[in-house]
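Here is what each chain is made of, one letter per residue.
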Amino acid sequence: MDDKASVAQTTNTRMHFKVISFILEAGIKLHLESVPMATACLIYHRFFKKCKSNAYDPYLIASAAIYLAAKVCEQQIRLRDIINVCHRILHKEKPALEVDSKYWELRESVVKCELFILRVLKFQIAFELPHKYLLHYMKSVRDYLDPDTWRDIPISSTAWAFLRDSYHSDLCLRIPPQHLAVTVLYFALQCHGVTIPFNNTAKRQWWQVFCEDIKEESMQETIEELIDMYDMEMRV
């Protein structure tokens, strides 16, 4: 990769990072649940895997992705609320959006963009997410650990935070959901210095019980990407 291509890739990565932060902020303000919020991020990443970043307004794509994800996950959110929240985030210094011609223009843009995204993705918008796997893995690990350890150390909240933050990059497209779930749990345990009892004497490592085909080296590579992503957050 030449210097110009490398600079362009870095610029795109930073841009997508900022837009995903926008999706997550909007999702929180809209009281979007974790699954539709993750689905919105996946829709956004998949769209820009197929389309050039400089060809479309990323924040319009992101707003339409939120609207579409809420529909797919059957969480009722009014389009008007999505438009108002997204507009407010992007234009904090401006007054709240009135129901005028500007609002109706934005509404039409989001609706048309939703249909365009569906066509680009060939209506394939049902995704298998890591969330159900992480929940299952954490319940199993909790049963292995001393109850005081699980209660006093925020392993669960740390793993969920790592999973949420992973959507800032395209890890969700490149890594199977089971692998991503076990990796963020592995990373959370590492961060808190917690070890699984009898893991050193077991025939298989604890993560291999959940995912037979995952290797520790691949988990470390994913963790390095997460760390690089946190470094990028400081520079964006």
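Attention here is on the structure that accompanies the text. Everything numeric here is computed off the predicted structure, so don't read it as measured data.

Rules and cut-offs
- Residues numbered from 1 in each chain as written.
- Predicted model: local features only at pLDDT ≥ 70, side-chain atom pairs only at ≥ 80, totals over all residues.
- Heavy atoms only, no water.
- Helix = DSSP H or I, 4+ residues; strand = E, 2+ residues; numbered from the N terminus.
- Contact = heavy atoms within 4.5 Å.
- Areas by Shrake-Rupley, 256 points an atom, 1.4 Å probe, with all protein chains shown as cover.
- Lys, Arg positive; Asp, Glu negative; His and termini not counted.
- Charge placed at Lys NZ, Arg CZ, Asp CG, Glu CD.
- Patch = residues over 30% accessible without salt bridge, like charges linked within 9 Å, V, L, I, M, F, W, Y side chains within 5 Å.
- Salt bridge = Lys/Arg side-chain N within 4 Å of Asp/Glu carboxyl O.
- Buried < 20%, exposed > 50% of the residue type's maximum accessible area, 1.4 Å probe, protein only.
- Axes fitted to C-alpha atoms, helices over the stretch in contact; angles between N-to-C directions.
- Parallel < 35°, antiparallel > 145°, perpendicular 65-115°, else oblique.
- Nonpolar A, V, L, I, M, F, W, Y, C, P; charged D, E, K, R; others polar.
- Phe/Tyr/Trp six-rings, centres within 6.5 Å; stacked < 30°, edge-to-face > 60°.

### What to know about the overall build of the protein
Argument step 1. Scanning the protein from N- to C-terminus turns up 12 helices and zero strands.
Argument step 2. In sequence order, the secondary structure elements of the protein are arranged as α-α-α-α-α-α-α-α-α-α-α-α.
Argument step 3. Viewed in the frame of its principal axes, the protein has a C-alpha envelope of about 70 × 45 × 35 Å.
Argument step 4. When contacts within the protein are restricted to residue pairs at least 6 apart in sequence, long-range pairs at least 24 apart make up 76% of them.
Argument step 5. Only carbon and sulfur atoms are counted for the fraction: they give 52% of the accessible area of the protein, which is about 13,500 Å².
Argument step 6. Charged side chains in the protein number 29 positive and 30 negative. The centres of these two groups are separated by 6 Å.

### Points about a negative patch on the surface
Argument step 1. Side chains of Glu216, Glu217, Glu221, Glu224, Asp228 and Asp231 sit close together on the surface and give a patch of like negative charge.
Argument step 2. Relative accessible area serves as the criterion here: at 54%, glutamate 217 is assigned to the exposed category.

### Describing the packing of helix H4 (residues 79-90) against helix H5 (residues 101-120)
Argument step 1. In contact at an axis separation of 10 Å, H4 and H5 are set at 105° when each is read in the N-to-C sense. Here H5 runs roughly perpendicular to H4, going by the angle between their axes. From H4, Leu79, Arg80, Ile83 and His87 reach across to H5, where they touch Tyr103, Leu106, Arg107, Val110 and Val111.
Argument step 2. When grouped by side-chain class, the residues that make up the contact of H4 with H5 number six nonpolar, one polar and two charged.

### Some thoughts on the packing of aromatic side chains
Argument step 1. Tallying each qualifying case throughout the model produces 15 aromatic pairs.
Argument step 2. When the ring of tyrosine 103 is compared with that of tryptophan 104, the centres are 5.1 Å apart and the planes differ by 75°; the resulting orientation is edge-to-face.
Argument step 3. Residues tyrosine 186 and tryptophan 206 carry aromatic rings whose centres are separated by 6.4 Å and whose planes lie at 25° to one another, so their mutual orientation is stacked. One end of the pair, tyrosine 186, is in helix H10 (residues 177-191); the other, tryptophan 206, is in helix H11 (residues 206-210), with 20 residues separating them in the sequence.
Argument step 4. Of the residues examined, tyrosine 186 reaches a relative accessible area of 6% and is grouped as buried.
Argument step 5. Overall, tryptophan 206 belongs to the buried group, its relative accessible area being 11%.
Argument step 6. Counting every residue linked through ring pairs, the aromatic cluster contains Tyr133, Tyr137, Tyr186, Trp206, Trp207 and Phe210.

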